[in-house]
Amino acid sequence: MTVYVIGLIDVQDPEGYPTYSRQVSATLEPYSGQFLVRGGEPQALEGTVPERVVVLAFPSAEQARGWYDSEGYARIRPLRQQMATGHLILAHGIDEPSQSAQVDQTTA
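Calculation notes
Residues numbered from 1 in each chain as written. Predicted model: local features only at pLDDT ≥ 70, side-chain atom pairs only at ≥ 80, totals over all residues. Heavy atoms only, no water. Pairing = 2+ DSSP bridges. Helix = DSSP H or I, 4+ residues; strand = E, 2+ residues; numbered from the N terminus. Axes fitted to C-alpha atoms, helices over the stretch in contact; angles between N-to-C directions. Phe/Tyr/Trp six-rings, centres within 6.5 Å; stacked < 30°, edge-to-face > 60°. Buried < 20%, exposed > 50% of the residue type's maximum accessible area, 1.4 Å probe, protein only. Lys NZ or Arg CZ within 6 Å of the ring centre and 35° of its normal.

Structural notes on the sheet that holds strand β1 (residues 3-11)
1) Next: The 4 strands lie next to each other as β2-β3-β1-β4, forming an open sheet whose pairing is antiparallel. A single partner strand is all that each edge strand has here, and the edge strands are β2 (34-39) and β4 (84-92). Between one strand axis and the next, the sheet turns through 10° on average, direction left out of account.
2) Next: Sheet topology note: the β1/strand β3 (residues 52-58) ladder contains 7 bridges and is antiparallel. Bridge pairing in β3 links L8 to V53.

Here it is in structure tokens:
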């Protein structure tokens, strides 16, 4: 089951933050992690929205936790923590879309 790491990030040091962000991709590769969303300009539909939204996908929770706890990411994690605040969330995906997401072929 795909697992997601979701980052809701507010950057306090925009000049320094790229020092961290440029190094993240290399730490994902050994754990089969990939970016699905990286930064952009998030827009709130309800509530408040952080400056940056990041969504990473991993094949399993073990690989996601392995990445987060890895030596490679542990080395750069303090950079993010010094230059930005926010939340990192591990969320489990679903095996199949819900019934409401499937098109009813009799009325389509």
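Examining the packing of aromatic side chains
1) Next: What the rule picks out here adds up to 6 aromatic pairs.
2) Next: On the basis of an interplanar angle of 65° and a centroid distance of 6.2 Å, the ring pair of W67 and Y68 is categorised as edge-to-face.
3) Next: With a centroid separation of 4.3 Å and 35° between ring planes, the pair formed by W67 and Y73 is classed as tilted. We note that W67, like Y73, is buried.
4) Next: Put simply, the rings of Y17, Y20, F58, W67, Y68 and Y73 touch in pairs and so form one group of aromatic residues.
5) Next: Directly above the aromatic system of F35 lies the positively charged group of R38, at a separation of 4.0 Å from the ring centroid.
6) Next: Over the ring of Y68 we find R77; its NZ or CZ atom is 4.1 Å from the centre of that ring.

These results come straight from atomic positions and should not be treated as a statement about function.
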